[in-house]
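Analysis of the macromolecular model
Listed below are the residues making up each chain.
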Amino acid sequence: MHYLKIDAKNNEGVIFRKIISTLLKEGIVVLPTDTIYGLSCLASSSRAIKRIYKLKERNSGKPLIVLVSSLAMLKKYAFISSDQHSILKKKWGGANQPTTVILRSRNNLAHELNGPDESLAARLPKSNFLIKIIKKKGAPLVSTSLNLIKRESLLDLRFFPHYFPREK
């Protein structure tokens, strides 16, 4: 595992290039989410998803959330009825709290993301930063809280190297 601290002094383009480069190499990144910091990878990378489960010491039977940049993107990965579309358009279009929805998967992302009933958990983040990353890559991201199972979420990134030791 490599630790790459992105300095806030870097311009936005440099930050996005570093994040996208890491994602394309099937890497895992720590990103601010709508609520706390989270671990993310490409939703198409089984290898990276398995590493997230291992890092978090999480049961692989508990699926992770997929972040999309729009309702149109979600339609590529989940079946959405016209009623569901109307509800999501209203719910995701407002200034509401982040909302995760469970829909029937189209099974065109990593299979680890599907629930036992072929469902997919998805969220449209409120964070413009996350939406820009997803749009620049053109594909959904996986997101999960930055914590080990049964431990508090990590809120101060200075402690990241102690909380998540380097992989061997």
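The rules behind the values
- Residues numbered from 1 in each chain as written.
- Predicted model: local features only at pLDDT ≥ 70, side-chain atom pairs only at ≥ 80, totals over all residues.
- Heavy atoms only, no water.
- Pairing = 2+ DSSP bridges.
- Helix = DSSP H or I, 4+ residues; strand = E, 2+ residues; numbered from the N terminus.
- Contact = heavy atoms within 4.5 Å.
- Axes fitted to C-alpha atoms, helices over the stretch in contact; angles between N-to-C directions.
- Buried < 20%, exposed > 50% of the residue type's maximum accessible area, 1.4 Å probe, protein only.
- Arc of directions from axis to C-beta.
- 1 Å grid on protein atoms, 1.4 Å probe; cavity = no way out; pocket = protein on both sides within 12 Å on 5 of 7 lines; lining within 4 Å.
- Points joined across faces, edges and corners; volume = space filled by probe spheres on them.
- Nonpolar A, V, L, I, M, F, W, Y, C, P; charged D, E, K, R; others polar.
- pLDDT = per-residue confidence, 0-100.
- Core = buried A, V, L, I, M, F, W, Y, C linked by side-chain atoms within 4.5 Å.
- Phe/Tyr/Trp six-rings, centres within 6.5 Å; stacked < 30°, edge-to-face > 60°.
- Lys NZ or Arg CZ within 6 Å of the ring centre and 35° of its normal.
- Parallel < 35°, antiparallel > 145°, perpendicular 65-115°, else oblique.
- Left-handed = near helix turned anticlockwise from the far one by under 90°.

Another point: the sheet that holds strand E4 (residues 78-79). Read from one edge of the open sheet, seven strands run E1-E2-E7-E3-E6-E5-E4, paired in mixed fashion. Either end of the sheet is taken by a strand with one partner, and the two such strands are strand E1 (29-32) and E4. With five bridges connecting them, strand E5 (residues 100-105) and strand E6 (residues 119-123) associate as antiparallel partners. Across the sheet, residue Ile102 finds its bridge partner in E6, namely Ala121. Packing of helix H2 (residues 46-56) onto the sheet brings it into contact with strand E2 (37-42) and strand E7 (141-145), and relative to E2 it is tilted by some 150°.

A few words now on helix H5 (residues 128-137). Restricting attention to buried positions, one finds in H5 the residues Leu130, Ile131, Ile133 and Ile134. One face of H5 carries all of its buried residues, which in axial projection span an arc of 160°. Residues of H5 that are exposed and angled more than 90 degrees away from the buried face: Asn128, Lys135 and Lys136. The inward-facing, buried residues of H5 contact helix H1 (12-24), E1, strand E3 (65-67), helix H3 (71-77) and E7. Gly138 sits one or two residues past H5 and shows a positive phi near 75°.

Attention now moves to the layout of surface pockets. Looking at the second largest pocket, its volume works out to about 150 Å³. Its residues assigned to classes, the lining of the second largest pocket shows six nonpolar, two polar and three charged.

A separate point is the confidence of the model for the protein chain. Residues at a pLDDT of 70 or more form 84% of the protein chain, whose mean pLDDT is 85. Across the protein chain, E4 holds the top mean pLDDT of 97, while helix H6 (residues 160-163) sits lowest at 67.

Considering the arrangement of structural elements, one finds Arg123 in strand E6. A residue is classified by how much of its surface remains accessible, and Arg123, at 19% relative accessible area, is buried. Separated by 54 residues in sequence, Arg123 and Ser69 have C-alpha atoms that sit 8.8 Å apart.

Counting residues in each nonpolar core, the largest one holds 44 residues, and the members touching the most others are Leu74 and Leu113. In this structure, Leu74 is in contact with Val68, Ile80, Leu88, Trp92, Leu103 and Ala122, ignoring residues within four places of it in sequence.

Tallied over the full model, the rule gives one aromatic pair. Here the guanidinium or amino end of Arg104 rests over the ring plane of Phe79, the centre of that ring lying 4.0 Å away.

Here we take up the packing of H1 against H5. Between H1 and H5, whose axes approach to 10 Å, the crossing angle comes to 60°. The orientation of H1 relative to H5 falls into the category oblique. Taken as a pair, H1 and H5 cross one another with a handedness that is right-handed. Between H1 and H5, the residues in contact are Glu12, Ile15, Phe16, Ile19, Ile20, Leu23 and Leu24 and Phe129, Lys132, Ile133, Lys136 and Lys137, respectively. Considered class by class, the residues forming the contact of H1 with H5 number eight nonpolar, no polar and four charged.

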